[in-house]
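Listed below are the residues making up each chain.
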Amino acid sequence: MQLQRNAAAIIIPAGEDRVAEIVIALFGLIIGSFLNVCILRIPYEESLVTPGSHCPHCSTPIAWYDNIPVLSYVALRGKCRRCAARISPRYAFVEVLTAVLAVALFRLGLPPHEFALYCTYTAALIVITFIDIDHKIIPDVISIPSIMVAPGMAFVVEHITITDSLIGIAVGGGFLWAIARGYELIRKREGMGLGDVKMLAMIGGLQGWEAVPFTLMVGSVLGTVVGIVTIVARRGKLDMEIPFGPFLAAGALLYLFGGPKLISAYLDLPSLLF
């Protein structure tokens, strides 16, 4: 899948791009705040609407002026106004990350409907990443609906066909399932959950089958590097489960923003060296 800047000059005049980026960044911060709620509540199957935001330590409801993305965290120095308990800086990080990715997507010059679609997809990857880090699960409530609607993207975006999406689902889910099943048969224990399988099927469905090998390769390399660093830091101890979802998400995002160009550069490397 190749995303190119093809409509920005028509949709938004060049002189107004900076203003648009500021608006999108602010919107991204607000969405990021909601994603924090999703990350916190989805694993426990809690409502995303009620109750309202509250301190995770003393359960005091958070007033609107203490719930302004990033600014409130900085103003309160990362503490609850009521009990002064430390609030994880990750809340602000997720908000900033969402805003940065939204602006990056805008700079691709996508038509509005594609921009909205990939913002939603990116938000899903962010939620999956942090839930997998915290709970070692990838919620079906995100991956399965995404797989189901993925073929419909052919009616929304120009660069993915229904065939591309269906092959992506089959290749992504099937290939990773085969790896997971093979590992389980050889080692007599589960090495990869089905959540990762469904996540790669989701990625293949939404980004096309070409994204699958790239995402899997990048995810595997990143996972291996982090695994080695973790083993060294823990002085050789291997009794730690490292979630694979965040690495798949990183690979999918890298492909989204420049995968085809990176692949072309890699294929051209031998001709440059010899």
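Before going into details, it helps to say that this report is about the structure given with it. In this text the structure is predicted, and so the values were computed from the model without any measurement.

Let's shift gears to the nonpolar core. Residues Tyr118, Met199 and Met202 are the most contacted members of the largest nonpolar core, which totals 52 residues. Elements with a minimum of two residues in this core: helix H2 (17-41), helix H4 (90-106), helix H5 (112-135), helix H6 (140-149), helix H7 (162-187), helix H8 (194-207), helix H9 (211-233) and helix H10 (245-273). Looking at this core, the element that brings in the most residues is H5, giving eleven residues.

Another point: the packing of H2 against H4. Two elements in contact, H2 and H4, have axes separated by 7 Å at closest approach and are oriented at 140 degrees. Between H2 and H4, the angle falls in the class oblique. Of the two elements, H2 crosses H4, and the hand of that crossing is right-handed. Grouping the amino acids of the contact of H2 with H4 by side-chain chemistry returns 15 nonpolar, five polar and four charged.

For the rest of this paragraph, the subject is the packing of aromatic side chains. One pass over the full model with this rule turns up six aromatic pairs. Aromatic pair Trp64 and Tyr65: ring centres 5.6 Å apart, planes at 80 degrees, arrangement edge-to-face. Trp64 gets classed as exposed once you look at its relative accessible area, which sits at 65%. On the basis of relative accessible area, Tyr65 is assigned to the partly exposed category, the value being 45%. Ring geometry for Phe106 and Phe115: centres 6.5 Å apart, planes at 80 degrees, overall edge-to-face. According to the relative accessible area criterion, Phe106 is buried, its value standing at 11%. Overall, the relative accessible area of 17% leaves Phe115 in the buried class.

So, about the state of the cysteines. The final tally for this structure, using the stated rule, is zero disulfides. With no disulfide partner, Cys38 has as its closest neighbouring cysteine sulfur the one in Cys119, 15 Å distant. Taking relative accessible area as the criterion, Cys38 reaches 6% and is therefore assigned buried. Of all cysteine sulfurs in the structure, the one in Cys83 sits closest to Cys58, which takes part in no disulfide; the separation is 3.7 Å. Under the relative-accessibility criterion, Cys58 is labelled partly exposed at 28%.

Here H8 contains 14 residues, and its C-alpha end-to-end distance of 20 Å stays within 8% of the 20 Å for a straight helix at 1.5 Å per residue. Burial within H8 is extensive, with twelve of its 14 residues counted as buried. Taken together, the buried positions of H8 are Gly195, Asp196, Val197, Met199, Leu200, Ala201, Met202, Ile203, Gly204, Gly205, Leu206 and Gln207.

Criteria and cut-off values
Residues numbered from 1 in each chain as written. Predicted model: local features only at pLDDT ≥ 70, side-chain atom pairs only at ≥ 80, totals over all residues. Heavy atoms only, no water. Core = buried A, V, L, I, M, F, W, Y, C linked by side-chain atoms within 4.5 Å. Buried < 20%, exposed > 50% of the residue type's maximum accessible area, 1.4 Å probe, protein only. Helix = DSSP H or I, 4+ residues; strand = E, 2+ residues; numbered from the N terminus. Axes fitted to C-alpha atoms, helices over the stretch in contact; angles between N-to-C directions. Parallel < 35°, antiparallel > 145°, perpendicular 65-115°, else oblique. Left-handed = near helix turned anticlockwise from the far one by under 90°. Nonpolar A, V, L, I, M, F, W, Y, C, P; charged D, E, K, R; others polar. Phe/Tyr/Trp six-rings, centres within 6.5 Å; stacked < 30°, edge-to-face > 60°. Disulfide = S-S within 2.5 Å. Expected span 1.5 Å × (residues − 1).

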